[in-house]
Number of protein chains: 2
Amino acid sequence: MAQYIGIDLGGTNIATGLVSDTGRLICKVSLPTGANRDTEAIVADMARSVTLCLAQAPSTDGPIAGLGVGVPGAVDAAAGMVLRTTNLNWHHLPLAQMLQEHTGLPVFLGNDADCAALGEVLAGSASSYDSAAMITLGTGVGGGFICNKQVFSGWTGGGTEVGHIPMVFGGEPCGCGNRGCFEAYASATALIRQTRQAMEAHPDSLLWQVCTAIEAVNAKTPFDAAQQGDPVALAVLDQYMEYLAFGLGGVVNLLRPQVIILGGGISNQGEYLLTPLRKKMSKYCYASEFIAPPPLVSATLGNDAGIIGAALLGLNF
Amino acid sequence: MAQYIGIDLGGTNIATGLVSDTGRLICKVSLPTGANRDTEAIVADMARSVTLCLAQAPSTDGPIAGLGVGVPGAVDAAAGMVLRTTNLNWHHLPLAQMLQEHTGLPVFLGNDADCAALGEVLAGSASSYDSAAMITLGTGVGGGFICNKQVFSGWTGGGTEVGHIPMVFGGEPCGCGNRGCFEAYASATALIRQTRQAMEAHPDSLLWQVCTAIEAVNAKTPFDAAQQGDPVALAVLDQYMEYLAFGLGGVVNLLRPQVIILGGGISNQGEYLLTPLRKKMSKYCYASEFIAPPPLVSATLGNDAGIIGAALLGLNF
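The structure displayed is predicted, hence computed values, not measured ones.

About the criteria used
- Residues numbered from 1 in each chain as written.
- Chains lettered and ligands numbered in written order.
- Predicted model: local features only at pLDDT ≥ 70, side-chain atom pairs only at ≥ 80, totals over all residues.
- Heavy atoms only, no water.
- Salt bridge = Lys/Arg side-chain N within 4 Å of Asp/Glu carboxyl O.
- Buried < 20%, exposed > 50% of the residue type's maximum accessible area, 1.4 Å probe, protein only.
- Helix = DSSP H or I, 4+ residues; strand = E, 2+ residues; numbered from the N terminus.
- Least-squares fit on C-alpha atoms with pLDDT ≥ 70 in both.
- Expected span 1.5 Å × (residues − 1).
- Bend = angle between axes of the 7 residues up to and from the residue.
- Contact = heavy atoms within 4.5 Å.
- pLDDT = per-residue confidence, 0-100.
- Pairing = 2+ DSSP bridges.
- Axes fitted to C-alpha atoms, helices over the stretch in contact; angles between N-to-C directions.

1. Concerning the pattern of salt bridges
Close approach of charged atoms allows side chains with opposite charge to pair.
Then, number 1: As enumerated under the stated definition, the model contains 22 salt bridges over all chains in all.
Then, number 2: Here Asp224(A) and Lys220(A) are joined by a salt bridge, their closest N and O atoms 3.3 Å apart.
Then, number 3: Here Lys220(A) falls in the partly exposed class, since its relative accessible area comes to 47%.
Then, number 4: One salt bridge in this structure joins Asp45(B) and Arg48(B), with 3.0 Å as the shortest N-O distance. Residue Asp45(B) and its partner Arg48(B) are located together in helix H1 (residues 39-55), separated by 3 residues, close to a single helical turn.
Then, number 5: For Asp45(B), a relative accessible area of 12% gives the class buried.
Then, number 6: A relative accessible area of 43% places Arg48(B) in the partly exposed class.
Then, number 7: One network of salt bridges, in which partners are shared, links Asp238(A), Glu242(A), Lys280(A) and Lys283(A).

Right, here's the structure in full:
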């Protein structure tokens, strides 16, 4: 039985795990990324994390069939090339070749959001489906699309940038330099901004009691206040979910996955989020009276999805 | 050398052609659809059009390998089922089986916009590419996505509804029942509406001289006035192209095709449309400074694209 190594490369940590070919995470290690260091030093530590992970494996049951890496940025998987990362300042880096020289393993690259989606489809919340779109609601909005249990990422890996589908023409500024992107309305960052605006407009809202100060608002704050019945928080969430539903409708109308997986901290709200969101989303899915909108589920693998999916990138080669 | 029959089924005409396996249209016939008739009568005429087309073929050079049909609606290709059409009031119709009983040929179904895209990729404007998104700007906005020279249409064929990606949250009403869809801003219908609004606001515009009355405005009107230097028409087109670019950016960011093909009457404006549109689109494509936006071309096969693409659906089976 083959085993695979997966690395989820983040701006903060290099998270590396040994994964069975059924998607079971056997063991994992984490090293600091040190994102400001030289590229070569970071790559050497990625290779070191592989050695450390294998050293703590309970058994060396079968050969290591490959090393997969989820990269926070755009990747040309066929060329083994990182095109661009946001946190690491890497451009056109032949990462697959560099890691292969370090480890001797065949190396497969993917975008980190694509890897998380693959992990959820092969071993998590969507394991009964062949095709799924995963949307991660975090600092930004990340997306991955799995089609026939394989990553679809568009020409040279430049697709499934779900956070940057249109939402509001001429709307809120987005981190990408554009205006009105989905991410600018549906990320955790956007929810925090929307919550703060509501607090400023409503000094009597319970929101002010749920957090100590307006600077302390996080994406859980409006949910906490709403669960205590605060009408301002309820209105914030209703509007937020409407934006989210509008964007998810766009994903459905274009990609039409079998299932939609929500990830990121906000998805921990579970049915409190999903039940109203399903109802709203149905309005925005084309011909929903004839073609049922895809089911909406929460991710279940948490941060391990990225390691598991990265490891299993090699399954398809 | 195998030959294929393609039917482009419209609300008005049944257009049927004999096509070589290289995508050359050998001959074609057209029968009125008579959309108000019984389903069985329309299907019988589709079969009759095949017989008529073969009768006028210059030679019966090799066997007929298959019959493909482009349907104006949602299709479950694997099941040979029409899920829903807008103009024919067909729901869950086993069209492939019905036509196979009539003709004895293997029958393949596709959505009409998907077929047009496939025709352009296999034999038209995008024949040097493997992956392409085609956007047709007509009464509505249609879309087709070809990936590895095959139709991608999402789960049960319910995807690539490009006209119904989000554009303006809470915006203009759309024919689908939703608000703010791409189609409500970028279709020929939308351009006509935008032109009329500008005429009402500007009684001195040259637009009033280019057409005889406000009811006579068509999608060519603003182009005609703009080419005579009318500032109102220029502003209408600038705004229209900005909407179009915003939506095309969404298509790129999600699907990242190798090339984008524009079809429909508006695309006949050629470089007068494409040159400014490329510049605007670049703003809305994610990370365009690192990943070049796909080239933008006009469709070249016109109405034949649908017949050719439908015929060649059978190539992949």
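2. Side note on the relation of the copies chain B and chain A
Then, number 1: Screw-axis analysis of chain B against chain A gives a translation of 0.0 Å along the axis, an RMSD of 0.1 Å, and a rotation angle of 180 degrees. Interpreted geometrically, this transformation is the action of a two-fold axis. Judged by C-alpha distance, Val168(B) is the residue of chain B that lies nearest the rotation axis, at 2.3 Å.

3. So, unusual backbone geometry
All names here are of chain A.
Then, number 1: Although it is not a glycine, Asn148 sits at a positive phi angle of roughly 50 degrees.
Then, number 2: The residue Asn148 is located in the loop between strand S10 (141-147) and strand S11 (150-152) in this model.
Then, number 3: For Asn148, a relative accessible area of 59% puts it in the exposed group.

4. Quick look at helix H9 (residues 271-284) of chain A
Residues and elements named next belong to chain A.
Then, number 1: Taking 1.5 Å per residue as the helical rise, H9 with its 14 residues ought to reach 20 Å, and the 20 Å between its terminal C-alpha atoms agrees with that figure.
Then, number 2: Where H9 bends most, the angle comes to about 30 degrees, and this point is Arg278.
Then, number 3: Along H9, the positions that sit buried rather than exposed are Leu273, Leu274, Leu277, Lys280, Met281 and Tyr284.
Then, number 4: The inward-facing, buried residues of H9 abut helix H7 (221-227), helix H8 (231-255), strand S12 (259-263) and strand S13 (296-298).

5. A look at the confidence of the model for chain A
Then, number 1: Mean pLDDT for chain A: 94, with 99% of residues reaching 70 or above.
Then, number 2: Here the complex is predicted with pTM 0.92, and the ipTM for its interfaces comes to 0.91.

6. Examining the sheet that holds strand S8 (residues 107-111) of chain A
Residue and element names in this part refer to chain A.
Then, number 1: If you trace the 5 strands from one edge of the open sheet to the other, you get S3-S2-S1-S4-S8, paired in mixed fashion. Edge positions in the open sheet fall to strand S3 (25-32) and S8, since each of these has one partner strand only. Adjacent strand axes in the sheet meet at a mean angle of 20 degrees when their direction is disregarded.
Then, number 2: Here strand S2 (residues 13-20) runs beside S3; their pairing, made up of 7 bridges, is antiparallel. Pairing of Ile14 across the sheet is with Leu31, part of S3.
Then, number 3: Each of strand S1 (3-9), S2, S3 and strand S4 (64-71) touches helix H1 (residues 39-55); the most contacted strand, S2, lies at about 40 degrees to it.

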